[in-house]
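# Fold and geometry: a report
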Amino acid sequence: MSPKPLSTSPLAVAVYGAGGHTGRFIVAELRRRGLPVVAVGRDAARLPGDVPARVAAIDDAPALARALAGCGVVINAAGPFLDTAAPVIGAALQTGTHYLDVTAEQPSALDTFERFDEPARAAGVAVIPAAGFYGGLADLLATALVGDGAAVDELTVAVALDHWWPTEGTRITGARNHAARRIVDDYRLAAMPLPAALSDWTFGPPHGEQTVVELPFSEIITISRHLRARSVRSHLSQGSLQEIRDANTPPPTAQDAQGRSAQRFEMVVRARQGDAQRTALARGQDIYAVSAPLVVEAAARMLQPDFDRRGALSLAQAFDARHFLAALSPEPLAVTLS
């Protein structure tokens, strides 16, 4: 089926990479919420045939700009974001379109913050990288605990996945991204010490006690943009890391009507200031699928007439963290703060 012509609705949300695994979840969530959507991608054959669509290669700046014309927000779901973020942001700045992506890649998120804050302000738009499961969710949880701009001694993120069935995009991104991973040490971004540290962590059911390995993703970058923490470290269940490193691990398969896999996750954020400690956690199903309601909630808020944030921002800088999380709980996220 040929793609439908581009919508000209000023409230449309463009999804770049709409034919990919996460992109399809995002398109479905936009439709569920009744938001006009334009599917954009490099291959017409992979784009959904039941929404307006436009083909634009990542190295074709005029086509990217045409694809975003008339759209209020573009969500970039096409990795590796080291290759796609800058071109899509460039088109967004040209067309006055707010930008979101779902990168887990630290170098991409950092590059977006450093390169595009002033240009986004000048263009009158907001640019929000890493607004999905990795990057955005931990940023929201940490900010809900301590407040935007607050100072803490330590922020620790721990993620348990009962399985990690990687998508094709995840494998391509892993092969593309060889940058040294970063943590926050003494209030500054620093290289993660090697070898990666192992420790034990007790999660709730069904995960229980797990060996976790230090493995920071884009949450280090998003949190460090606006929360003043002496130390920020991230950990992932070792078993899920071993799965993703195994070339024989299959991709995710749909197990429910929403197309989600059976994967269960728990993300814990602990904030320590002196002897006082607070904890936030989020539980749910399928880390790829849950990025869709996260980023679509952000897009819906960016389309509101009273949205006035500009520049390069993290998710929790752009929106009230507690209010944002409340909009997603108890489904698709079960969130608790203590």
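Note: the structure precedes this text.
Below: a short report on this structure. (Residues numbered from 1 in each chain as written. Predicted model: local features only at pLDDT ≥ 70, side-chain atom pairs only at ≥ 80, totals over all residues. Heavy atoms only, no water.)

### Points about the overall build of the chain
Helices and strands together make up the secondary structure of the chain, namely 11 helices and 16 strands. Taking 338 residues into account, the globule formula puts the C-alpha radius of gyration at 20 Å, and the chain, at 19 Å, falls close to it. For the chain, the spread of C-alpha atoms along the principal axes amounts to about 55 × 45 × 35 Å. Here the contacts in the chain between residues at least 6 apart in sequence split such that 74% fall between residues at least 24 apart. Carbon and sulfur atoms provide 49% of the accessible area of the chain, an area that totals close to 14000 Å². (Helix = DSSP H or I, 4+ residues; strand = E, 2+ residues; numbered from the N terminus. Rg over C-alpha atoms; globule rule 2.2 N^0.38 Å. Contact = heavy atoms within 4.5 Å. Areas by Shrake-Rupley, 256 points an atom, 1.4 Å probe, with all protein chains shown as cover.)

### Points about the environment of Ala142
Note that Ala142 resides in helix H5 (residues 136-146). Given a relative accessible area of 0%, Ala142 falls into the buried group. In the structure, Ala142 is positioned 127 residues away from Val269 in sequence and 6.2 Å away in space, judged by C-alpha atoms. The residues contacting Ala142, other than those within four sequence positions of it, are Gly147, Leu155, Ile223, Leu227 and Val269. (Buried < 20%, exposed > 50% of the residue type's maximum accessible area, 1.4 Å probe, protein only.)

### Concerning the pattern of salt bridges
Considering all chains together, one arrives at 13 salt bridges under this definition. Note that Asp83 is salt-bridged to Arg176, the shortest N-O span being 3.0 Å. Here Asp83 is found in helix H3 (residues 81-95), whereas its partner Arg176 is found in helix H6 (residues 168-176), with 93 residues between them in sequence. A relative accessible area of 36% places Asp83 in the partly exposed class. (Salt bridge = Lys/Arg side-chain N within 4 Å of Asp/Glu carboxyl O.)

### Here we look at the packing of aromatic side chains
For the structure on display, the rule yields 8 aromatic pairs. Ring geometry for Phe133 versus Tyr134: centroids 4.8 Å apart, planes at 85°, classification edge-to-face. Residue class for Phe133 comes out buried when judged on its relative accessible area of 2%. Ring centres of Phe319 and Phe324 lie 5.6 Å apart, and the angle between their planes is 35°; on these two criteria the pair is classed as tilted. Phe324 carries the same exposure label as Phe319, and that label is buried. (Phe/Tyr/Trp six-rings, centres within 6.5 Å; stacked < 30°, edge-to-face > 60°.)

### Considerations on unusual backbone geometry
Cis peptide bonds are those with omega within 30 degrees of zero, and the linkage from Gly79 to Pro80 qualifies with -5°. Note that Pro80 resides in the loop between strand S4 (71-76) and H3. With an omega of 10°, the peptide bond between Ser329 and Pro330 qualifies as cis. If you trace the backbone, Pro330 turns up in the loop between helix H11 (321-328) and strand S16 (334-337). Here the phi dihedral of Ala130 falls at roughly 55°; this positive angle occurs in a residue that is not glycine. Following the sequence through the fold, Ala130 ends up in the loop between strand S6 (126-128) and H5. Phi is positive for Asp186, which is not a glycine, with a value near 55°. As for its placement among the helices and strands, Asp186 is situated in the loop between strand S8 (182-185) and strand S9 (188-191).

### Topic: the nonpolar core
In this structure, Leu100 and Leu155 are the most contacted members of the largest nonpolar core, which totals 104 residues. When residues in this core are grouped by element, the largest group, 12 residues, is from helix H9 (residues 287-302). Apart from the residues within four sequence positions on either side, Leu155 is in contact with Ala142, Ile223, Leu227, Ala229, Ser231, Val232, Arg233, Val269, Arg270 and Ala271. With 7 residues, the next largest nonpolar core counts Ala158, Phe203, Val212 and Val268 among its residues. (Core = buried A, V, L, I, M, F, W, Y, C linked by side-chain atoms within 4.5 Å.)

### What about the sheet that holds S4?
Here 7 strands make up an open sheet; going across it, the order is S3-S2-S1-S4-S5-S6-S15 and the pairing parallel. Strand pairing shows two members of the sheet lacking a second neighbour, strand S3 (53-55) and strand S15 (311-312), which therefore form its edges. The pairing of strand S2 (residues 37-41) with S3 spans 3 bridges and is parallel. Its bridge partner lying in S3, Ala39 is registered against Ala53. Here H9 sits on the sheet and contacts strand S1 (12-16), S4, strand S5 (98-101) and S6; the angle it forms with S5, its principal contact strand, is near 170°. (Pairing = 2+ DSSP bridges. Axes fitted to C-alpha atoms, helices over the stretch in contact; angles between N-to-C directions.)

### Some details on the side chain of Gln317
Here Gln317 lies in helix H10 (residues 315-318). With relative accessibility at 18%, the residue Gln317 sits in the buried group. Among residues more than four places away in sequence, those in contact with Gln317 are Asp139, Arg225, His226, Arg309 and Ala312.

### Here's the deal with the packing of H9 against H11
Between two packed helices, the angle of one axis relative to the other and the distance separating the axes together describe the packing. Where H9 meets H11, the axes come as close as 10 Å, and the angle between the chain directions of the two elements is 120°. Accordingly, the angle class assigned to the pair H9 and H11 is oblique. In the packing of H9 onto H11, the handedness of the crossing is right-handed. On H11, the residues touching Pro293, Leu294, Glu297, Ala298 and Arg301 of H9 are His323, Phe324, Ala327 and Leu328. Within the contact of H9 with H11, the residues separate by chemical class into 6 nonpolar, 1 polar and 2 charged. (Parallel < 35°, antiparallel > 145°, perpendicular 65-115°, else oblique. Left-handed = near helix turned anticlockwise from the far one by under 90°. Nonpolar A, V, L, I, M, F, W, Y, C, P; charged D, E, K, R; others polar.)

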